[in-house]
Amino acid sequence: LSGSEGDLLFLLDSSGSVSNYEFSRVKEFIWDLIRPFTFGPNDVQTSIIHISTTPTMEFPFDRYLSSGTVQQAIRDTQQLMGDTNTGKALSYAKEKFFSNEAGARPDVPKVMVWVTDGFSTDDISEPMQLLKDMGVTVFIVSTGRGNYLELSAAASQPPEKHLHFVDVDDLPIITKELRDAISDAIQANRLRAVDVTSSSFRLVWPKVLSQETGYYTLEYSPIDDPSRKRTKQVPGAHTTLVLSDLPPETTYQVALIPESNVHYIPPQTTRVTTLAEEISPAQVLISESKPHSFHVSWAPTPDSVTGYQILYGPLPGNWVKLLEVDGTQNSTVVENLAPNSTYLVTVTAIYKSGKEKSLSAKACTQE
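Cut-offs and rules
- Residues numbered from 1 in each chain as written.
- Predicted model: local features only at pLDDT ≥ 70, side-chain atom pairs only at ≥ 80, totals over all residues.
- Heavy atoms only, no water.
- Axes fitted to C-alpha atoms, helices over the stretch in contact; angles between N-to-C directions.
- Helix = DSSP H or I, 4+ residues; strand = E, 2+ residues; numbered from the N terminus.
- Parallel < 35°, antiparallel > 145°, perpendicular 65-115°, else oblique.
- Left-handed = near helix turned anticlockwise from the far one by under 90°.
- Contact = heavy atoms within 4.5 Å.
- Nonpolar A, V, L, I, M, F, W, Y, C, P; charged D, E, K, R; others polar.
- Phe/Tyr/Trp six-rings, centres within 6.5 Å; stacked < 30°, edge-to-face > 60°.
- Buried < 20%, exposed > 50% of the residue type's maximum accessible area, 1.4 Å probe, protein only.
- Patch = residues over 30% accessible without salt bridge, like charges linked within 9 Å, V, L, I, M, F, W, Y side chains within 5 Å.
- Areas by Shrake-Rupley, 256 points an atom, 1.4 Å probe, with all protein chains shown as cover.
- Salt bridge = Lys/Arg side-chain N within 4 Å of Asp/Glu carboxyl O.
- Pairing = 2+ DSSP bridges.
- UniProt positions renumbered as here; feature names shortened; annotations may be inferred.

Focus on the packing of helix α3 (residues 86-97) against helix α4 (residues 125-133)
Move 1: In contact at an axis separation of 8 Å, α3 and α4 are set at 20° when each is read in the N-to-C sense. It follows that α3 is roughly parallel to α4 by the angle criterion. The crossing of α3 and α4 is left-handed. Listed contacts from α4 to Gly87, Leu90, Ser91, Lys94 and Phe97 of α3 are Pro127, Met128, Leu130 and Leu131.
Move 2: Looking at side-chain class alone, the contact of α3 with α4 contains six nonpolar, two polar and one charged residues.

What follows is the structure, given as structure tokens:
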């Protein structure tokens, strides 16, 4: 599971309400859960925060950057005992999730897995809501009874994907499902480009604002020419935008900055490279041949073409004529021809960039 960046935090109930046996089973579960992930500064980073009387960070995100060292650190984690002050631990987690000192990265997806025996001595709803508002995906694994309504409100939506009730001895049953869901959250919960063409792409991002809570500033520029930066304002209710009229084979640095009037939400960035120009025309077809006319069609018709020129003349011959067609058309009829004659037809695509591409075909009129 490499190539996906994300900060993954385990919130571990380390209080006296958890038996030593349960704590060791939970450690095994976490150890197994993260086994296939690739760790590193451009991949997944992980950290553990203990829920106790005072929340404590076992190790920062950037300390262990290989699977082996992470797994050893999990094995070495010791239970703290104390009270189950989960609300305090959640507030502390929010701080650490967005702090450089804790090794967190500013614009990668954030995922939290809270393993609980279902018991808390302080309020969790407000600090949990703040975490989710800041774009954190919250998974909850409850090994105890736990209040279903409280926990399903605390987990990310929908609860059937983000909340598991499972006996501590049955934790391995949910390992694969939870691992896949964490992986999906790391890949999906961020700004990314889809529908990339030679002249456009669509950006999609997770919903972190609404119409009432603010708007987004979108900045994009070619990485080799930052002075050509463009900025757009996007309403808070939107989660997608198409950028078009772009040059082909160009890499863009894109930043989406949520301008929230409630609290700070970190920007998200991505890089997108437009495709090479589709070669048009890739084929030229002659059809519906008559004594004085025939039909010429070609494909494809990419956005980056402004128009087509059709040159035609008899073979052998001493004249050519020119027809011009709009870039959205992919066919035309050539008329006023002599019967039973052969013509050479050349279709030239004129690109917005000024480049031209041509392709020829022979056509015969009927007797």
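Now that the structure is up, let's keep going.
Quick notes on the packing of aromatic side chains
Move 1: Going through the model one piece at a time under the given rule, you end up with 11 aromatic pairs.
Move 2: For the pair Phe97 and Phe98, a centre-to-centre distance of 6.1 Å together with 50° between the ring planes defines the contact as tilted.
Move 3: Of the residues examined, Phe98 reaches a relative accessible area of 25% and is grouped as partly exposed.
Move 4: Consider the rings of Tyr312 and Trp319, whose centres lie 6.3 Å apart with planes at 85°: the pair is edge-to-face.
Move 5: On the basis of relative accessible area, Tyr312 is assigned to the buried category, the value being 9%.

Some details on a nonpolar patch on the surface
Move 1: A cluster of nonpolar residues, Tyr148, Leu149 and Phe165, forms a patch on the protein surface that exposes about 340 Å² of accessible area.
Move 2: Along the chain, Phe165 falls in strand β6 (residues 163-165).
Move 3: Among the residues examined, Phe165 registers a relative accessible area of 36% and is labelled partly exposed.

Observations concerning the sheet that holds strand β18 (residues 331-334)
Move 1: Strand order in the open sheet made by the three strands is β14-β15-β18, with antiparallel pairing throughout. Lying at the two open borders of the sheet, with one neighbouring strand each, are β14 (283-287) and β18. Each neighbouring strand pair of the sheet contributes to a mean axis angle of 25°, computed without reference to strand direction.
Move 2: Of the pairings in the sheet, the one linking β14 to strand β15 (residues 294-299) comprises five bridges and is antiparallel in character. Looking across to β15, one finds that Leu285 is bridged to Ser297.

Let's talk about the pairing of strand β3 (residues 56-59)
Move 1: Across three bridges, the pairing between strand β2 (residues 44-51) and β3 is antiparallel. Note on β3: the bridge partner recorded for Ile48 is Phe59.

A short note on the sheet that holds strand β11 (residues 240-243)
Move 1: The three strands are arranged β7-β8-β11 in an open sheet whose pairing can be described as antiparallel. Of all the strands in the sheet, just β7 (192-194) and β11 have a single pairing partner and so form its edges. For this sheet the average axis-to-axis angle between neighbouring strands, irrespective of direction, equals 30°.
Move 2: Summarising the sheet, β7 and strand β8 (residues 201-204) pair through three bridges and their orientation is antiparallel. Considered in β8, the bridge of Ala193 is made with Leu203.

Points about the UniProt feature "domain: Fibronectin type-III" (unreviewed entry) in the chain
Move 1: Feature annotation in UniProt assigns "domain: Fibronectin type-III" (unreviewed entry) to the following positions: residues 187-278 and 280-367.
Move 2: Between the C-alpha atoms that bound residues 280-367 the distance is 32 Å, and the span itself is 0% helix and 57% strand.

What to know about unusual backbone geometry
Move 1: Backbone torsion omega between Ala299 and Pro300 reads -10°, so that peptide bond is classified as cis.
Move 2: Mapped onto the elements of the fold, Pro300 is located in the loop between β15 and β16 (305-314).
Move 3: Following Leu315, the chain continues to Pro316 via a peptide bond in cis, the omega torsion being -20°.
Move 4: Take Pro316: it is sitting in the loop between β16 and β17 (321-326).
Move 5: The residue Met81 is not glycine, and still its phi comes out positive at about 70°.
Move 6: Along the chain, Met81 turns up in the loop between α2 (67-75) and α3.

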